[in-house]
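Residue strings, one per chain:
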Amino acid sequence: MKPEFPLDRRRLLQTAAAWSAMAATGAARAAAPARDLSGVTLRVGTYKGLWRPLLQASGQANTPYKIDWRELNNGVLHIEAINGDALDLGSGSEIPPVFAARQKSSVKLVAVTHEDLNNQATLARKDSPIRSIADFKGKRVGYVRATTSHYYLAKQLAEAGLSFSDIQAVSLTPADGLSAFARGDLDAWAIYGYNGQLARTQYGARTIKTGVGYLSGNFPIYVNPRALDDALRRAALNDLLQRLQRSFAWINGNFLAYARAQSAETRVPVGDLVELFNGRSGDYSLGPVTDAVVHSHQEVADTFLKIGVLDGPADVKPLWDRSFESVLRLPAA
């Protein structure tokens, strides 16, 4: 009898080896003298169904400090909250920090997660004659401004010899975009996450392109510089980043358990979540800042300047903080 949700055996064995190495590293770190963090509360931004259930499902939620979870469902809100000193830790794509760099916002980027790019997709309605990006000319195409969907849609249009001026571009929130797509108010839609999956499963949307080859796959973790300057909050952040790193490694061999935890919070069916996972572009991970990460981010900023989204150049390098690099080194393959 076939398993209900088949996974790649070789990938599972590789993940198990990495997980064991991480666990050993974590144990060694835990043996070092620890600060008393019982009086610390970290204000952490989360997306529905992501970090909060992930830590619970992976057994990493029993922290020596308190976490005040604050649900903010886009990266712009995470950076605004950090800039206003209402958040210590958040996350999002490379896009919001591009604007943060331009606006001199008070935020640092300390690590990156690597997630699924096949779930960043450009979709067409099932009854549409659209078969390629070139067919978007003159069509009503939805996207979410100043997000990954804006970026990869611009790249895909340029590759097809088109630009935003050649389509009827409609900027919508993900939820409003799903409603518009369902009504037939859009011919195509560049979208990410659960809403894209709902468009496929509930409304028969067809995938024209994904984010693979257009996005780096780097999703930065944002931190409040004030928290970095506070010795106890920095120690708590250090611990939380390691817990998240172990949790991201755990996902790859335990996705069904994570999907059940996600589903309980999001109400997205477990089967839909597992289907997304099985079609993923690569494994999940959390790693340190590298030169390649910073270079990739600068390329995003330069592209947005070129297509007129930014009103001037943005230098992203000063945003990146590499002080957590030593504790986030991934085990050798």
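Data block above holds the structure.
The following paragraphs examine the structure supplied in this document.

Cut-offs and rules
- Residues numbered from 1 in each chain as written.
- Predicted model: local features only at pLDDT ≥ 70, side-chain atom pairs only at ≥ 80, totals over all residues.
- Heavy atoms only, no water.
- Salt bridge = Lys/Arg side-chain N within 4 Å of Asp/Glu carboxyl O.
- Helix = DSSP H or I, 4+ residues; strand = E, 2+ residues; numbered from the N terminus.
- Buried < 20%, exposed > 50% of the residue type's maximum accessible area, 1.4 Å probe, protein only.
- Axes fitted to C-alpha atoms, helices over the stretch in contact; angles between N-to-C directions.
- Parallel < 35°, antiparallel > 145°, perpendicular 65-115°, else oblique.
- Contact = heavy atoms within 4.5 Å.
- Nonpolar A, V, L, I, M, F, W, Y, C, P; charged D, E, K, R; others polar.
- Pairing = 2+ DSSP bridges.
- Expected span 1.5 Å × (residues − 1).
- Polar contact = N/O pair within 3.5 Å; in protein donor to acceptor, adjacent residues only side chain to side chain.
- Right-handed = clockwise from strand over helix to strand, strands pointing away.

Attention shifts here to the pattern of salt bridges. Scanning all chains against the criterion turns up 18 salt bridges. A salt bridge links Glu159 to Lys209; the nearest nitrogen and oxygen atoms lie 3.5 Å apart. Taken together, the residues Glu159 in helix H5 (residues 148-159) and Lys209 in strand E9 (residues 206-210) connect sequence positions 50 residues apart. By relative accessible area, Glu159 is classed as exposed at 53%. Taking the relative accessible area as the measure of exposure, Lys209 reaches 30% and is therefore partly exposed. Linking Arg322 and Asp291 is a salt bridge whose minimum nitrogen-to-oxygen distance equals 2.7 Å. In this pair, Arg322 is assigned in the segment after helix H12 (291-306) and Asp291 in helix H12, connecting sequence segments 31 residues apart.

Take the packing of helix H7 (residues 194-203) against helix H11 (residues 270-278) next. One can describe the packing of H7 onto H11 by two numbers: an axis separation of 11 Å at closest approach and a directional angle of 105 degrees. The angle between H7 and H11 places the two elements in the roughly perpendicular class. Here Tyr194, Gln197, Arg200 and Thr201 of H7 lie close against H11, whose contacting residues are Asp272, Leu273, Glu275 and Leu276. Within the contact of H7 with H11, the residues separate by chemical class into three nonpolar, two polar and three charged.

Turning next to the sheet that holds strand E5 (residues 120-124). With mixed pairing, the five strands of this open sheet are ordered in space as E7-E6-E8-E5-E9. Either end of the sheet is taken by a strand with one partner, and the two such strands are strand E7 (168-171) and E9. Each adjacent strand pair in this sheet contributes to an overall mean axis angle of 25 degrees, direction not counted. Pairing between strand E6 (residues 140-143) and strand E8 (residues 188-192): two bridges, direction parallel. The residue of E8 that forms the bridge with Val141 is Ala188. Set on the sheet, H5 makes contact with E5, E6, E8 and E9; between it and E8 the angle comes to about 135 degrees.

Moving on, we come to H12. Look at H12: 23 Å from first C-alpha to last across 16 residues, which is about the 22 Å you get at 1.5 Å a residue. Taken as a whole, H12 has its buried residues at Val293, Val294, Ser296, His297, Val300, Ala301, Thr303 and Phe304. At its buried positions, H12 is contacted by helix H4 (95-103), strand E4 (108-114), H5 and strand E10 (218-223).

As for its placement among the helices and strands, Thr122 is situated in strand E5. At 2.6 Å, the side chain of Thr122 forms a polar contact with the side chain of Gln156. Look past the residues within four positions of Thr122 in its chain and what remains in contact with it is Ile133, Phe136, Tyr152, Gln156, Trp189, Ala190, Arg206, Thr207, Ile208 and Lys209.

Here we come to the pairing of strand E1 (residues 41-46). Taken across its six residues, E1 has five buried, putting it largely inside the fold. Bridging between E1 and strand E2 (residues 66-71) involves six bridges; their strand directions are parallel. Residue pairing across strands places Thr46 opposite Glu71, the latter belonging to E2. Assessed by its sense of winding, the connection that carries the chain from E1 through helix H2 (residues 51-57) to E2 is right-handed.

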